[in-house]
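Given next are the chains, with one letter for each unit.
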Amino acid sequence: MVKIDLHGLTHEKAIQKVEHNLILNQLCKYGSIEIITGKSPELQDKIIKEVLDIHKFSYYIPPHNTGMMYVSDDELL
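Rules used in this analysis
- Residues numbered from 1 in each chain as written.
- Predicted model: local features only at pLDDT ≥ 70, side-chain atom pairs only at ≥ 80, totals over all residues.
- Heavy atoms only, no water.
- Helix = DSSP H or I, 4+ residues; strand = E, 2+ residues; numbered from the N terminus.
- Expected span 1.5 Å × (residues − 1).
- Contact = heavy atoms within 4.5 Å.
- pLDDT = per-residue confidence, 0-100.
- Buried < 20%, exposed > 50% of the residue type's maximum accessible area, 1.4 Å probe, protein only.
- Salt bridge = Lys/Arg side-chain N within 4 Å of Asp/Glu carboxyl O.
- Axes fitted to C-alpha atoms, helices over the stretch in contact; angles between N-to-C directions.
- Left-handed = near helix turned anticlockwise from the far one by under 90°.
- Nonpolar A, V, L, I, M, F, W, Y, C, P; charged D, E, K, R; others polar.

Peer 1: Quick question: what am I supposed to make of helix 1 (residues 11-28) here?
Peer 2: Since there are 3.6 residues in each turn of an α-helix, residues three or four apart along the chain are aligned in direction. Between its first and last C-alpha atoms helix 1 spans 25 Å; for 18 residues at 1.5 Å apiece the expected length is 26 Å, and the two agree. Summarising the contacts, the buried residues of helix 1 are in contact with strand 1 (2-5), strand 2 (33-36), helix 2 (41-55) and strand 4 (68-72). Among the residues trailing helix 1, K29 stands out with phi positive, at a value near 60°.

Quick look at the structure:
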C-alpha cells in the first residue's frame, strides 16, 4: 500500500500531491493508497471535491482515525 503524508503542506500543494499520486497509482496499479491528512476536515473535503469525485475514486475515512483516508480506483473500497 502506498502512503502519502500531507503534514506540513499547504492545501494547494497537498491536493496537487494527492492528484499526482492517485493518477500515477492508477496507471501503475500499486493498489490502495493511504492518505494521512491530519485532522483537517476542510482539507479532506477539498480532496474529495477537487480530486476524488472528479476522477471517480472510491474512498473511506475510518471512524477510529479521521485523520486518514483510504483511496482506490475500485468500486469496492
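Here the narrative resumes.
Peer 1: What is the right way to read the confidence of the model for the protein from this model?
Peer 2: When pLDDT is averaged across the protein, the result is 91; 95% of the residues are at 70 or more. Per-element confidence in the protein is highest for strand 2, whose mean pLDDT is 96, and lowest for helix 1, whose mean pLDDT is 92.

Peer 1: Sorry, what's going on with the environment of F57 here?
Peer 2: In this fold, F57 is placed in the loop between helix 2 and strand 3 (58-60). Remark: the alpha-carbon pair of F57 and E34, spanning 23 residues in sequence, is separated by 13 Å.

Peer 1: Just to check I follow, could you spell out unusual backbone geometry for this structure?
Peer 2: Across the chain, the bulk of peptide bonds are trans and the bulk of non-glycine residues have phi less than zero. The phi torsion at K56 lies on the positive side, around 60°, for a residue other than glycine. Relative to the helices and strands, K56 resides in the loop between helix 2 and strand 3. On the basis of relative accessible area, K56 is assigned to the exposed category, the value being 65%.

Peer 1: Is there a simple way to explain the pattern of salt bridges in this structure?
Peer 2: A side chain with one charge can pair with a side chain of the opposite charge if their charged atoms come near. Here the structure, examined in full by the defined rule, presents two salt bridges. Where K3 meets E34, a salt bridge forms, and the shortest distance between an N and an O atom there is 3.9 Å. Highlighted residues: K3 in strand 1 and E34 in strand 2, separated in sequence by 31 residues. Residue K3 is classed as exposed on the basis of its relative accessible area, which comes to 58%. Between K46 and E42 there is a salt bridge, with its nearest N and O atoms 3.6 Å apart. Of this pair, K46 and E42 both sit in helix 2, four residues apart, which is roughly one turn of that helix. The exposure class of E42 is partly exposed, given its relative accessible area of 48%.

Peer 1: Explain the packing of helix 1 against helix 2 to me, please; I cannot follow it from the model alone.
Peer 2: For any two helices packed against each other, one specifies the crossing angle of their axes together with the interaxial distance. With their axes 10 Å apart at the nearest point, helix 1 and helix 2 run at an angle of 35° to one another. Like other packed secondary-structure pairs, helix 1 and helix 2 cross with a definite hand, here right-handed. Contacts from H11, A14, I15, V18, E19, L22 and I23 of helix 1 reach helix 2 at E42, L43, K46, I47, E50, V51, L52 and H55. Each residue belonging to the contact of helix 1 with helix 2 can be placed in one class, and the counts come to nine nonpolar, two polar and four charged.

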